[in-house]
Amino acid sequence: QVQLVESGGGTVQTGGSLRLSCAGPTSGVYTMGWFRRPPGKEREFVAAISYLGSSNTGYADSVKGRFTTSRDNAKNTVYLQMDSLKPEDAAVYYCAADSRRLGQFSQSAGFWGQGTQVTVSS
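Given the structure is predicted, the values throughout are model-derived calculations rather than measurements. (Residues numbered from 1 in each chain as written. Predicted model: local features only at pLDDT ≥ 70, side-chain atom pairs only at ≥ 80, totals over all residues. Heavy atoms only, no water.)

1. A look at the packing of aromatic side chains
Point 1. Enumeration according to the criterion identifies 4 aromatic pairs in this entry.
Point 2. Each ring, one from phenylalanine 35 and one from tryptophan 112, has its centre 5.2 Å from the other, and the planes form 45°; the classification is tilted. A residue pair is termed long-range when its members are at least 10 positions apart, and phenylalanine 35 in strand 4 (residues 31-37) and tryptophan 112 in strand 10 (residues 111-113) qualify at 77 residues.
Point 3. Note on phenylalanine 35: relative accessible area 2%, which makes it buried.
Point 4. Assessed through its relative accessible area of 10%, tryptophan 112 is described here as buried.
Point 5. Chaining the aromatic ring pairs together yields one cluster made of Phe35, Phe45, Phe105 and Trp112.
Point 6. One residue, arginine 101, lies across the ring of tyrosine 30, its end atom 4.7 Å from the ring centre. (Phe/Tyr/Trp six-rings, centres within 6.5 Å; stacked < 30°, edge-to-face > 60°. Helix = DSSP H or I, 4+ residues; strand = E, 2+ residues; numbered from the N terminus. Buried < 20%, exposed > 50% of the residue type's maximum accessible area, 1.4 Å probe, protein only. Lys NZ or Arg CZ within 6 Å of the ring centre and 35° of its normal.)

Here it is as structure tokens:
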């Protein structure tokens, strides 16, 4: 399975910011996005962006207004800017990519990163 390469996780205080990056495959990808697995919980959707860029994005309600995803198609890279972080945002964050369009993006995505830990201290 093609692996995506993530970076940018770490520890931040409540209210702080982090930016995650994920480099994807050079072809066959239309939508890229992020999922997370909080401690003791199932993996959940966070955000996604289509090949069209910032005009075509989707966010989980829990992160709307605080997280922003963006994409550089020339670099095959997707970003997740996380602001106003809360303790409940602490999780392992996974990058994913898929050939399907934004509305069909799900946990059945074809490409995945290894995960990066985000810790939010109170």
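2. A word on the pattern of salt bridges
Point 1. Scanning all chains against the criterion turns up 5 salt bridges.
Point 2. A salt bridge links arginine 36 to aspartate 89; its shortest N-O distance comes to 3.0 Å. Taken as a pair, arginine 36 in strand 4 and aspartate 89 in the loop between strand 8 (77-82) and strand 9 (91-98) lie far apart in primary sequence, 53 residues in all.
Point 3. Aspartate 89 is the salt-bridge partner of arginine 66, the closest N and O atoms lying 2.7 Å from each other. Placement of arginine 66 in the loop between strand 6 (53-59) and strand 7 (67-72) and of aspartate 89 in the loop between strand 8 and strand 9 is noted, with a sequence separation of 23 residues between them. Considered together, arginine 66 and aspartate 89 belong to a single accessibility category, that of buried residues.
Point 4. It is possible to trace a salt-bridge network through shared partners that takes in Arg36, Glu44, Arg66 and Asp89. (Salt bridge = Lys/Arg side-chain N within 4 Å of Asp/Glu carboxyl O.)

3. Some details on the state of the cysteines
Point 1. Taken as a whole and assessed by the stated rule, the structure comprises 1 disulfide.
Point 2. Disulfide pairing is shown between cysteine 22 and cysteine 95; the S-S distance is 2.0 Å. Looking down the S-S bond of the cysteine 22 and cysteine 95 bridge, the torsion is -80°, so its handedness is left-handed. Within this pair, whereas cysteine 22 is found in strand 3 (residues 18-23), its partner cysteine 95 is found in strand 9, the two being separated by 73 residues in sequence. Across the pair, cysteine 95 and cysteine 22 agree in class, each one buried. (Disulfide = S-S within 2.5 Å.)

4. Re the pairing of strand 8
Point 1. Counting buried residues along strand 8, 5 of its 6 residues qualify, which places the element largely inside the surrounding structure.
Point 2. Strand direction decides the pairing type here: strand 3 and strand 8, joined by 6 bridges, are antiparallel. Counted as the bridge partner of arginine 19 is glutamine 81 from strand 8.
Point 3. The pairing of strand 7 with strand 8 spans 6 bridges and is classified as antiparallel. Its bridge partner lying in strand 8, arginine 71 is registered against valine 78.
Point 4. Between strand 7 and strand 8, which pair antiparallel in sequence order, lie 4 residues; one of them, asparagine 76, sits at a positive phi of approximately 55°. (Pairing = 2+ DSSP bridges.)

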